[in-house]
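Single-letter residue listing:
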Amino acid sequence: MSKHYLNVLFAPKSVAVFGATDRPDAVGQIVFHNMLESGFSGGLYPINPKNAEVQGQKAYKEISEIGEPVELAVIATPPQTVPGIIEQCGIHGVKAAVIITAGFGEAGPEGVALERELIEAARRYGIRLIGPNCLGIMRPGIGLNATFNKGGANSGNIAFISQSGALCTAILDWAHSNDVGFSSVVSMGSSTDVDFGEILDFLVSDPETHSILLYIEGIRNARSFMSAVRAAARFKPVILVKVGRHAAGSKAAMSHTASLVGADDVFDAAVSRAGVVRVQTITQLFTAAKALSCGFRPVGNRLAIVTNGGGPGVMATDRAADLGLAMAELSEGTIEYLNQYLPPNWPHSNPVDIIGDAQADRYHHAVKACLEDSNVDGVLAILTPQAMTKPLESAQALVELANTHSKPLLTCWMGEEQVNEARAAFAQAHRPHFRTPEPAVEVFSHLSDYYRNQKLLMQMPGPLSHHVEPDVESARLIIEGAMQEHRKVLSEMESKALLSAFHIDVARTMIAHSPNEALLIAQQLGFPVAMKINSPDISHKSDAGGVMLNLRNAPEVRAAYQHIIDNVKRNRPNATIDGISIEPMIVKPNGRELMIGVTSDPVFGPVITFGAGGTMVEVMGDRSVTLPPLNRFLVKDLIQGTRVSKMLGAFRNMPPANMDALEDVLLRVSELVCELPLVKEMDINPLILDEHGALAADARVVVEFRQPSADRYAHMAIYPYPTHLVSQWQLADGTNITIRPIRPEDAELVQSFVRNLSEEARYFRFMNSIQELTESMLVRFTQIDYSREMALIAVTADQSGELELGVARYAINPDGGSCEFALVVADKMQGKGLGQKLMSSLMEAARSNGLSTIEGEVLRNNHKMLKLVARLGFNLKPSTEDSGITKVSKKL
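This next bit is on helix α2 (residues 27-37). Inspection of α2 places Gly28, Gln29, Ile30, Val31, Phe32, Asn34 and Met35 among the buried residues, and these make up the whole buried set. Looking at the buried side of α2, the elements it contacts are β1 (14-18), β2 (43-47), β3 (53-54), β4 (57-58), β5 (72-75) and β9 (144-147). Looking one or two places after α2, you find Gly39, whose phi comes out positive at around 80°.

We now examine the nonpolar core. Core analysis: the largest hydrophobic core is formed by 62 residues, its most contacted members being Ile161, Leu214, Phe225 and Phe604. Per-element tally for this core: the top contributor is helix α7 (residues 222-233), with seven residues. Judged by nonpolar contacts, the second largest core, of 58 residues, contains Leu725, Leu731, Leu773 and Val824.

Relative to the helices and strands, His365 is located in helix α13 (residues 360-371). Given the relative accessible area of 17%, His365 is considered buried. Beyond its immediate chain neighbours, meaning those up to four positions away, His365 contacts Tyr337, Leu338 and Tyr341.

A few words now on the pattern of salt bridges. By the definition in use, this model includes 38 salt bridges. Across the salt bridge formed by Lys150 and Asp25, the nearest N and O atoms sit 3.4 Å from each other. Placement of Lys150 in the loop between β9 and β10 (155-162) and of Asp25 in the loop between β1 and α2 is noted, with a sequence separation of 125 residues between them. Overall, the relative accessible area of 57% leaves Asp25 in the exposed class. For the salt bridge of Arg847 with Glu844, the shortest nitrogen-to-oxygen distance reads 2.6 Å.

For the structure on display, the rule yields 13 aromatic pairs. Between the aromatic rings of Phe196 and Phe225, the centroid separation amounts to 6.2 Å while the plane-to-plane angle is 75°, which identifies the pairing as edge-to-face. Within this pair, whereas Phe196 is found in helix α6 (residues 196-204), its partner Phe225 is found in helix α7, the two being separated by 29 residues in sequence. For the pair Phe196 and Phe225, a shared accessibility class is recorded, and that class is buried. Plain terms: the ring middles of Tyr363 and Trp413 are 5.7 Å apart, the flat faces sit at 45° to each other, and that makes the pair tilted.

Our focus in this paragraph is helix α14 (residues 391-404). A turn of α-helix holds 3.6 residues, and therefore any two residues three or four places apart point the same way. Here α14 spans 21 Å end to end across 14 residues, near enough to the 20 Å set by a 1.5 Å rise per residue. Listing the buried residues of α14 in full gives Pro391, Ser394, Ala395, Ala397, Leu398, Val399, Leu401 and Ala402. Buried residues along α14 sit in contact with α13, β18 (378-383), β19 (409-413) and α15 (420-428).

Along the chain, the position of Val888 falls in strand β38 (residues 885-891). Separated by 777 residues in sequence, Val888 and Gly111 have C-alpha atoms that sit 45 Å apart. Ignoring anything within four residues of it in the chain, the contact list for Val888 reads Phe821, Ile854, Glu855, Gly856, Val858, Leu866, Val869, Phe874, Asn875 and Leu876.

Turning our attention to the sheet that holds strand β6 (residues 96-99). Spatial ordering of the open sheet is given by β2-β1-β5-β6-β7, a layout of five strands whose pairing is parallel. Of all the strands in the sheet, the pair left with one neighbour each is β2 and β7 (128-130). When strand polarity is set aside, the average angle formed by the axes of neighbouring strands in this sheet is 20°. Pairing geometry for β1 and β5, over four bridges, is parallel. Paired with Phe18 across the two strands is Ile75, which belongs to β5. Contacts from α2 reach β1, β2 and β5 within the one sheet, and its direction differs from that of β2 by about 160°. Seen against the sheet, helix α3 (residues 82-92) touches β1, β5, β6 and β7 and runs at an angle of roughly 165° to β5.

Rules and cut-offs
- Residues numbered from 1 in each chain as written.
- Predicted model: local features only at pLDDT ≥ 70, side-chain atom pairs only at ≥ 80, totals over all residues.
- Heavy atoms only, no water.
- Buried < 20%, exposed > 50% of the residue type's maximum accessible area, 1.4 Å probe, protein only.
- Helix = DSSP H or I, 4+ residues; strand = E, 2+ residues; numbered from the N terminus.
- Contact = heavy atoms within 4.5 Å.
- Core = buried A, V, L, I, M, F, W, Y, C linked by side-chain atoms within 4.5 Å.
- Salt bridge = Lys/Arg side-chain N within 4 Å of Asp/Glu carboxyl O.
- Phe/Tyr/Trp six-rings, centres within 6.5 Å; stacked < 30°, edge-to-face > 60°.
- Expected span 1.5 Å × (residues − 1).
- Pairing = 2+ DSSP bridges.
- Axes fitted to C-alpha atoms, helices over the stretch in contact; angles between N-to-C directions.

This is the structure:
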């Protein structure tokens, strides 16, 4: 397996430090001192044009004097010197640089110009940059400490990436006294080149990293970030703190990093879809990481509390309610078991108060019963030191239970002197323990969030969710018509026509331009009617006096027309008025008024919102947010995140609402967002839902020009399942074959396929004697990001469902313009043309994704594959690195 292209940054064999000096407390002095003290075993070269020696080491006036290859440059010199240094590094063959120096994009027009010059020089020579304006990077395991932090870090398995250098120094100081070690510490600085996405890519494949922690102020490239963080979260826990949660904080974050900061609930929705845990404090960041590293398998949010004191149990229960956790309902079997071991006066419910005289055996039985109850997802055990308590023995009993159960078991031994030994026992066993109940409950909340978000990560919706396809072309024509008239706001009739094209039921609407026309329309539609101002400038029609409801006869309609016009002219004198819209009065006695919206986040692109509707929507503030594309699982999760969802069941003599109809509308809105990138905003308010179905009573759509892209889903942060790549094919013997992109639920199919390959076929594919795929390999092969890679599998129907016959896949190379492919076909299917068909489909997919070259490595004795690629027009040439491999490539 080839090394990651950022290996020169994270595992360099040689480092040059520009600005290394003997001057006390200078940044260059601290950086070079750290490199010497950390025990870096590679070549280390101080660059200082004035001194022949720095800190006892031979110094060089410039990099060309070294006479040896240098893989990493660390730069701590004045900003105006940095572009020239990058030029020198490029000539010398350096491929990575850490720029600690500040004074670039954050320092006004002169700094912006310097930064542009710096980036141009780096790109000219293919140098990848961390920074500028950063603390630097650390890899304690190899003795790399290219930072100006006072001191180093313990070696460990946590990677920490931060946009704040100051926060890095504080955390490194805290970590020493809290026994926390790191595989990597990266201070991002201004992120002019390498960003979160690329660093996450490296850490996914880094065997020294078991979990990844992020401190984020803002995201520059949403697609790159989402793609990388989703890939990372499939293999390793990713936990983050995001600042700028409130308006004042967001403003500070923008000025500090020059990054766009999106609405905080949108960011929350995005990272939830990525399978990531978001916490609010630095302490939570590390406690959550420790808990997730204990081997727990979180399965839900139902918490059981075992305590020897009522007060702490109530404190924990209150915090659980604050966080939306469910207190587990103990099963009858658990209660019967506990009756055998607990005093008669125990409360027979959760929290399980095992009474103040509880010793180790009582803790053992109570916690064991809860862990083995299928209604319980995790246990918090609390101990307060009382006269007859045995804190250490009780702790040892729970450590034994934790070692034999996979559910989360968190402990809180309160007090100090009497519980010190017990806390040491928990620490030695690497089991999470806490001094007070609330932080323990918060960590359980993070564990349950991890479980929920991992389920969200597994969802791979396509852009279209129904068998009846929308009329996308008609919808596009509506938008184009408005834009040709230089309008961004569609009329109500146009907006409803757009919804109708996606099979969303709308209230029939007609426009009147005079009182008499209003009367004729009302008679045609049938009384009673609703009348609303038709204006591209007015979003909130009621506020402008532009709505009159339940008009029952001709005189009322005629009078209402002029009354609405007068109101709007008085309240919104500058608004353009284009008549009055008239529609039948919707009479739904059991109707709930809801709102579905679309907004365009400046970072993450289109976002779908759901919540309570009507005129009080802003006041109620009841909205749940998600990123498209959606499927039914994600739609249900969106709905459940609102208060109004509690009113959708049977409520105050009203029958339950038709949830299928509501889900269908949300799925159709997801389709609309995927297929119409020019839609910037949309409100369906109200959407009236009752037991019979859903009806869009009012709608408003705002469009915005967007530069056309070869990538039809370039406007989205999460790439949909590419249904347009599904195709049907037939073998000469009549066997029907479906060729489609791989899905996460194909894991068993893929495992069975690999297991049934001959040893030769497995060796040719994996270049080793693999027998079957590990769990992590299955995840890597089936849970892919379609914007970065593609896997097309050929399947046919059999008695058990589907049978895999072959697979072709590509992964985009770091240059973004080429890809590497792999192909394997079931032994019994070889020689039937399936390999050629799969490769042709894969090359077409790569071509349509804007890639220019497809390449691969084939074993020299894999004659069938070499014949196939030659037939497909690939160029073949022997590898200069391995005589047993032929390199093949083709321009697309």
